[in-house]
Amino acid sequence: MAEENEKDTLAGKATAKAAKAKKSSPKKGYARKATKAEAHAEAPAKASKAKPKKAKAEGLKATPIETRAAYLKKLLVNYKGMLPDNLLTQLEAKLSGATMEEAQVKKIVDETYKAYTKALIEPGEAAGTVAAQSVGEPGTQMTLRTFHYAGVRELNVTLGLPRLIEIVDARRIPSTPTMTVFLDDDHKGSLEKAKEVVTRIERIAVENVAKSIEYDMVNASFIVEVDEEIAQDKQLDAEFIAKSIVKLKIGKVEIEGNGIIITPEVTAQDKIKRLRERILTLRLKGIKSIKRVLIQKENEEYILHTDGSNLSEVLKIKGIDPNRVYTNNVSEIAEVLGIEAARAAIIKEAFQVLDQQGLDVDMRHVILIADLMTSTGRIRQIGRHGVSGEKSSVLARAAFEVTVKHLLDAAAHGEEDALEGVTENVIVGQPIPLGTGIVELFMRFSNQKEAE
Amino acid sequence: MVKFEILKHELVPQFEILKKEEIEALRHTYGIKKEDLPWIRRSDPVCKEIGAKPGDVLKITRKSPVAEQSVGYRYCVPG
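Residues numbered from 1 in each chain as written. Chains lettered and ligands numbered in written order. Predicted model: local features only at pLDDT ≥ 70, side-chain atom pairs only at ≥ 80, totals over all residues. Heavy atoms only, no water.

Points about the sheet that holds strand β4 (residues 68–77) of chain B
All names here are of chain B.
- Read from one edge to the other, the open sheet built from 4 strands follows the order β1-β3-β4-β2, with strand pairing classed as mixed. With partners counted over all chains shown, the strands left at the sheet margins are β1 (14–17) and β2 (39–41), one partner each. Neighbour to neighbour, the strand axes of the sheet diverge by 35° on average, direction disregarded.
- Pairing analysis gives 8 bridges linking strand β3 (residues 57–64) to β4, with the strands arranged antiparallel. Within β4, the residue paired with Lys59 across the bridge is Tyr73. (Pairing = 2+ DSSP bridges. Helix = DSSP H or I, 4+ residues; strand = E, 2+ residues; numbered from the N terminus. Axes fitted to C-alpha atoms, helices over the stretch in contact; angles between N-to-C directions.)

In structure tokens, the structure reads:
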């Protein structure tokens, strides 16, 4: 994955760069400060904790808190954009309460900045390879663990390795699509109102409310017996169902007590079978492909979890909070909310899987993968039909999968390989363009002549 | 019902179309061409919403779980 990383995601790399820095800066800061002064026993942001003690020990005069706070604010504004926001907030939080002189405060901030810049990824570092290894190795542990996780709620959602593969493969539809629907202020407080929204979302077909459906050979008609209890629970009646069936335009529809009699115009055996299917799957209410909705109470509000996903339709439902609707179907998010939302969803989903398995993978690796997958503006899978399969180098592609096919095709088309990536150069036995190997020297002959 | 605005969804970050000078400055700081940035399609729901055209560069301010806030860019391409 290293070379895709180099060529595809400059900005992605920049993100990873910054990301990595944040991750390691506390450690590096620790190492250097420890050598400088024992008092700096903690990470730069936390250094303030240790610092006051030192200040007191040396008997330094403290400036009034207000002026110090103001000074700190002014100082930190200068670093806006140079240091990540979370470091700035941490610095402000920790330093504003500290008893020390302005010069000392400045020193701490300067040191933090130095540690930060030092911790940034260096040009030529194999960020992609590191990310691949960091996700891959814990992945091998996942195989040994559970495949499917039977949730506490009746809803069964694919987790673990199968789910991770699904995300990285950018499957159009996940094996267990599910949505989390939050309700708006009017509806989230009461179970009654939540149930009201459920009836709007949950898909109810004839098969869900029918006790039985039989074909009467003598009269050439279907008899659908409605289960009244269920129908009432779903706020439906025979009349409504009959009206819906009429819309199918298959023949005469009559109501007889609890039964609905449908006399189709066609009588051919094979067509009757298909008609039966059509009647059974006819949607009476709710949203297509949302099979079941569960209500759950979380933090004083009712939340709906669905079996099945249909983002664009759910967004139109009254009573939900459209800004917080979530689905685990990433391609649906890309379609409705755009590629950036999809990027966020990939990160969220992949990290959630790793986290649930108790694997401590740094989020920045996952972010890099998500950046790579979305770098063309569409979701691309990592495997053969995506990132790895679209490498420009023939040798790199051949090294990945179906070696002979790639070599044969390349030969037939007279492809050339510029030997720019890592894999190609490993194959031909040259130094690889990574680390110091990424630097190339050129000589400017014109200048040389001038010098002579 | 009020029309749902995708830009207000919690998964969608802040978008901003860069001005010519800003693009120039960006190219200079990173030493790259516009096309080297990650792309965003013109047909992307966000592009339609903010009216970005191919050739535009979008500045994206994301809420990041690791850095509170992070800035990224995307280059608008046809398709």
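Some words on the interface of chain B and chain A
- With 31 residues of chain B at the contact, the number on the chain A side is 39 residues.
- Overall, the association of chain B and chain A removes approximately 2,900 Å² of surface from exposure, summing both partners, and the carbon and sulfur fraction of that is 59%.
- The interface formed by chain B and chain A holds 2 salt bridges in total.
- At the junction of chain B with chain A, the criterion picks out 10 residue pairs in polar contact (both at pLDDT 80 or more).
- Going through the elements one at a time, β2, α2 (45–50), β3 and β4 of chain B are the ones with two or more residues in the side of chain B that touches chain A. (Contact = heavy atoms within 4.5 Å. Buried area = accessible area lost by both parts, 1.4 Å probe. Salt bridge = Lys/Arg side-chain N within 4 Å of Asp/Glu carboxyl O. Polar contact = N/O pair within 3.5 Å; in protein donor to acceptor, adjacent residues only side chain to side chain.)

Re the nonpolar core
Residues and elements named next belong to chain A.
- The biggest cluster of nonpolar side chains holds 62 residues, and the ones touching the most others in it are Ile201, Leu304, Leu311, Val314, Ile320, Ile333 and Leu337.
- For this core, the leading source of residues is helix α16 (residues 339–356), giving 9 residues.
- The residues that make up this core include at least three from each of domain 3 (126–176 + 328–390) and domain 4 (190–308).
- If we ignore the near neighbours within four places in the chain, the residues touching Ile320 are Val181, Phe182, Leu183, Asp184, Val197, Ile201, Val314, Leu315 and Val325.
- Residues Val206, Val226, Ala242 and Leu282 belong to the second largest nonpolar core, which totals 24 residues. (Core = buried A, V, L, I, M, F, W, Y, C linked by side-chain atoms within 4.5 Å. Buried < 20%, exposed > 50% of the residue type's maximum accessible area, 1.4 Å probe, protein only. Domains from an automatic or database assignment.)

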